[in-house]
Amino acid sequence: SSPQTSTWEPFQARKVCACCEAEFNWAFVLQSEPQRMLARHHCFACGRGVCDGCARTRLAHPELGFCQPVRTCDACYFKCFDQVPGVSAGSAMN
């Protein structure tokens, strides 16, 4: 069977980051909708809307069909390492 990817939530459905709960427009002086959209990303693993700071990590998710590293939120990044015995996220970042 083919990999099952997460359904991406609409950006309009979330006013704050799914990881850190910061408002998406916190870093922008201009409060226009295009500026707010620049601060949002989707995590390829869970499909939730997250801020740029929480979506800087790239990981491959072959179980989802992403063999090359793709944008992964901090929550999913750390969850991956919680599932691997003997590996911590801190040691993987070095």
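Anything mentioned here points back to the structure above.
Quick notes on the rules
- All chains use their own residue numbering, which begins from 1 and follows the written sequence.
- The model is predicted, so local features are restricted to residues of pLDDT at least 70 and side-chain atom pairs to those at 80 or more, both for listing and for counting; the totals for chains, interfaces and linings are taken over all residues.
- Computation of side-chain values: all heavy atoms of the structure, hydrogens and water removed.
- Numbering of helices and strands starts at the N terminus; helices are DSSP runs of H or I of at least 4 residues and strands are runs of E of at least 2.
- Think of it in three bands: with a 1.4 Å probe and only protein chains considered, a residue is buried below 20% of the maximum accessible area for its type, exposed above 50%, and partly exposed in between.
- In protein, a polar contact means a hydrogen-donor-capable atom and an acceptor-capable atom, both N or O and within 3.5 Å, with residues adjacent in sequence counting only if both atoms are side-chain atoms; elsewhere, any N or O pair within 3.5 Å suffices.
- Any two strands between which DSSP finds at least two bridges are classified as paired.
- Disulfides are defined in this document as cysteine sulfur pairs within 2.5 Å.
- In summary, the pairing rule links any two rings of Phe, Tyr or Trp, Trp by its six-membered ring, whose centres are within 6.5 Å, and it sorts them by plane angle into stacked for under 30 degrees, edge-to-face for over 60 and tilted for everything else.
- To qualify as a nonpolar core, a set must consist of buried Ala, Val, Leu, Ile, Met, Phe, Trp, Tyr and Cys residues joined through side-chain atoms within 4.5 Å.
- Throughout, a contact is declared for two residues whenever any of their heavy atoms are within 4.5 Å.

A. Structural detail: the side chain of Arg 40. Considering the arrangement of structural elements, one finds Arg 40 in strand β1 (residues 40–42). Residue class for Arg 40 comes out buried when judged on its relative accessible area of 9%. Within polar-contact distance, the side chain of Arg 40 engages the backbone oxygen of Phe 11 at 2.7 Å.

B. Structural context of the pairing of strand β4 (residues 66–72). Strand direction decides the pairing type here: strand β3 (residues 57–61) and β4, joined by four bridges, are antiparallel. Within β4, the residue paired with Leu 59 across the bridge is Val 70. Hairpin connection of β3 to β4: four residues between the antiparallel strands, including Gly 65 at a positive phi of 95°.

C. Molecular detail of the state of the cysteines. Counted according to the given criterion, the structure contains zero disulfides. Counting only cysteine sulfurs, Cys 76 is the nearest neighbor of Cys 73, a cysteine outside any disulfide, at a range of 3.6 Å.

D. Representation of the packing of aromatic side chains. This model, assessed by the stated rule, comprises three aromatic pairs. Here the aromatic rings of Phe 44 and Phe 66 are separated by 5.2 Å at their centres, their planes lie at 90°, and the arrangement is edge-to-face. One end of the pair, Phe 44, is in the loop between β1 and β2 (49–51); the other, Phe 66, is in strand β4, with 22 residues separating them in the sequence. Judged by centre distance (5.2 Å) and plane angle (80°), the rings of Tyr 77 and Phe 78 are edge-to-face. Grouping aromatic residues by their ring pairs yields a cluster made of Trp 8, Phe 44 and Phe 66.

E. Structural context of the nonpolar core. Residues Cys 17, Ala 18, Phe 24, Cys 43, Ala 45, Val 50, Cys 51, Cys 54, Ala 55, Leu 64, Cys 73 and Cys 76 constitute the largest nonpolar core, which totals 12 residues. For Cys 73, the contacting residues outside a window of four places in its chain are Cys 19, Cys 43, Cys 46, Arg 48, Val 50, Cys 54 and Ala 55.

F. Local environment of the environment of Arg 58. Tracing the backbone shows Arg 58 in strand β3. Relative accessible area serves as the criterion here: at 41%, Arg 58 is assigned to the partly exposed category. Excluding residues within four positions of it along the chain, Arg 58 makes contact with Pro 69, Val 70, Arg 71 and Thr 72. At a separation of 3.4 Å, a polar atom in the side chain of Arg 58 contacts the main-chain carbonyl oxygen of Ala 55. Within the structure, the side chain of Arg 58 is placed 3.3 Å from the backbone oxygen of Arg 56, a separation counted as a polar contact.

Purely geometric stuff here, so don't read any function into it on its own.
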